[in-house]
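# Results of the structural survey
Spelled out from the first residue to the last, the chains are:
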Amino acid sequence: MASSFNVVKELRPVTSTTTRRYEKLLWVGAYHTTTAPGLRLRTSPKSNWISFTHPEGQLYFHMKRGHFSVVTEENVLNIETDNLVSSYLAVIEKKILECGIVLPQTCELFVELRSDEQPQTSTCAYYFVDHHSRCLFWLEPTSSELLDMGMLVSDSHLDTALERLYWVHVEFFPMHVCAQMTPLVLDKLISVICHGMTDRMTSRTSTFPYTEEKCDQLLRALSLRRGEPLDGHTLCFVARLWGAINNQRFMTYYGQENAQLDRLHPPMPDDIVDRPGMRALANLALWGIPNHHYTKLHDLFVHDQVYVDHWQAFITACISEWRGLLVWAFSVLIASILISMLPRASLSSAIAPIIAASSSILSGSILLLRHHGFEDATASFAASFLRTAKSSDWGFLPLSVVYSMPKAMYLWSMGLMVAQFVFWSSRIAGVFWALGGAGFLALMGYSIFYFTSLEDDHPDPMATMLRSHWQTFHSSSAEAAETLTV
């Protein structure tokens with residue numbers, strides 16, 4: 001830190017998730033040197049700080065100071081930085097005395113220097129953790145909104161949020177504290193993941209964040225360290241898993257009166273924007289396909305949460321469908337062109353199926369291009385994408401329509417190509433035979449559509465009559481077979 005900075009004695013409360021650990025943009029100063037002959041002796045500078053290296057490679061420092069210990073990622077081996085950190089520690093100690101705060105014996109202070117270019121000032125971001133109660137605390141009243149902790153429903157809900165932040169801190173600074181941790185944190189974590197894996201295996205709407213396969217992999221890794229003393233590397237990934245589980249518990253209101261037990265049931269009313277009239281019109285024009293995507297998208301994005309395995313299954317199915325429709329739509333395009341080249345065929349009758357097939361190919365190609373790599377997206381990326389794609393005025397209807405375009409336009413191209421072929425047949429074989437064939441195809445498609453649909457999906461009397469005739473015929477056939485058997 002430059003000594004020319006006008007040091008402002010200001011403390012800024014932060015959390016373990018809002019530090020600048022992964023935002024550092026400093027470059028490494030590499031150089032060559034000459035080694036002296038003989039064995040090189042390693043020397044360490046004299047300092048009150050003890051250095052540790054995080055399993056990821058980050059250097060951090062720890063020091064015991066009075067009634068609490070201190071950790072920081074600042075390079076306190078630099079004299080100016082050490083002096084600046086010490087000045088802030090003196091400010092914190094003075095504030096503790098002025099406020100009459102009694103610190104717990106197992107508390108730890110995190111400090112991080114922050115500087116601004118305009119004007120040149122420096123402040124100190126900080127928070128305390130208590131290893132006994134597993135929570136964060138500060139020296140002044142602090143708003144959960146300013147700390148970006150999320151909306152709360154009770155004091156116990158706040159405890160869950162603070163415990164999650166505690167485990168994030170332990171994940172970042174595990175090497176010096178591992179000896180103080182009880183191995184029970186590992187045993188309890190194994191029990192929690194075992195239950196979560198079973199819940200996932202027996203429920204399609206489980207709220208546990210990891211899939212059965214991921215749970216199995218995690219349990220294999222955790223079991224390798226069971227019964228062994230906790231070292232820094234083990235504590236690092238144990239704390240990471242505890243942080244993820246506590247974050248999910250916070251999001252699903254674990255331990256609260258109205259906990260979310262089903263991922264499809266939001267714990268509070270969602271702001272669902274629905275346009276029934278436009279949705280019905282879109283489904284009518286696009287063969288009812290938007291309704292399928294509309295329902296799926298709402299099931300994926302409940303209470304602003306996305307479960308990554310459900311997202312990956314959905315988007316993988318969509319991409320596979322779009323990729324397959326490119327081939328089918330191209331086949332229809334070629335077939336329609338070939339029909340237009342037959343004797344006595346009309347070129348104008350090929351325009352509609354060609355446009356529909358081309359629309360299917362174009363929309364499918366654009367969607368494949370825009371969604372490249374989405375199959376491997378994280379839950380946070382999927383949530384951000386759906387949050388952006390969800391219109392404030394139309395909800396998920398525009399995205400549902402867009403996702404439906406390749407298949408819907410392919411179906412239109414198929415229907416129009418059949419109409420083109422019927423029109424050509426009327427010129428060759430006559431109108432009677434052409435209309436008869438068209439009627440047969442229409443009746444077959446209508447029958448398949450309604451016989452494979454749920455009865456509650458359509459109150460159409462024609463469909464009900466067709467189904468009743470089919471059921472009567474089927475039951476009569478079964479009775480006749482039984483009579484012959486007797």
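See above for the structure.
Described in the following lines is the structure provided in the data block. (Residues numbered from 1 in each chain as written. Predicted model: local features only at pLDDT ≥ 70, side-chain atom pairs only at ≥ 80, totals over all residues. Heavy atoms only, no water.)

### Points about the layout of surface pockets
The condition is simple: For each structure, a 1 Å grid was placed over the protein atoms alone; sets of points admitting a 1.4 Å probe that cannot get out are labelled cavities, open sets with protein on both sides within 12 Å along at least five of seven lines are labelled pockets, and lining residues have an atom within 4 Å of a point. Grid points are joined across faces, edges and corners, and a volume is the space filled by probe spheres set on the points. Runs of E in the DSSP output that reach at least two residues are strands. Runs of H or I that reach at least four are helices, and both are numbered from the N terminus. Charged residues are taken to be Asp, Glu, Lys and Arg, nonpolar residues to be Ala, Val, Leu, Ile, Met, Phe, Trp, Tyr, Cys and Pro, and polar residues to be all remaining types, Gly included.
The space that makes up the largest pocket amounts to roughly 1,400 Å³. Around the largest pocket, the lining comprises 44 residues; the ones closest to its centre are Arg164, Ala244, Asn247, Gln248 and Met251. Listing elements by their share of the lining of the largest pocket, those giving two or more residues are helix 2 (155-172), helix 5 (232-251), helix 8 (308-340) and helix 10 (379-389). Examining the composition of the lining of the largest pocket, we find that 9 residues originate from one element, helix 5, more than from any other. Residues of the lining of the largest pocket, tallied by class, amount to 22 nonpolar, 14 polar and 8 charged. Its volume calculated, the second largest pocket comes out at about 1,200 Å³. Looking at the second largest pocket, it is lined by 24 residues, and the ones nearest its centre are Trp287, Leu411, Gly445, Tyr446 and Phe449. Those elements giving two or more residues to the lining of the second largest pocket turn out to be helix 6 (276-285), helix 7 (289-300), helix 11 (397-428) and helix 12 (431-451). Broken down by element, the residue count for the lining of the second largest pocket peaks at 8 residues, all from helix 12.

### Some thoughts on the nonpolar core
Nonpolar side chains in soluble globular proteins tend to end up buried together. Basically, it comes down to this: The nonpolar core is taken to be a set of buried Ala, Val, Leu, Ile, Met, Phe, Trp, Tyr and Cys residues, with the residues joined through side-chain atoms within 4.5 Å. Summary of the burial criterion: residues with accessible area below 20% of their type's maximum are buried, those above 50% are exposed, and those between are partly exposed, where the area comes from a 1.4 Å probe applied to protein chains only. Any two residues having at least one pair of non-hydrogen atoms within 4.5 Å are treated as being in contact.
Counting 68 residues, the largest nonpolar core has Leu109, Val111, Phe128 and Ile193 as its most contacted members. Top contributing element to this core by residue count: helix 2, with 8 residues. Contacts of Phe128, omitting those with residues within four sequence positions, involve Phe68, Ile92, Ile96, Leu103, Cys107, Glu108, Leu109, Cys135, Leu136, Phe137 and Leu139. In terms of nonpolar packing, the next biggest core, distinct from the first, is built from 22 residues, Leu300, Ile315, Trp322 and Phe396 among them.

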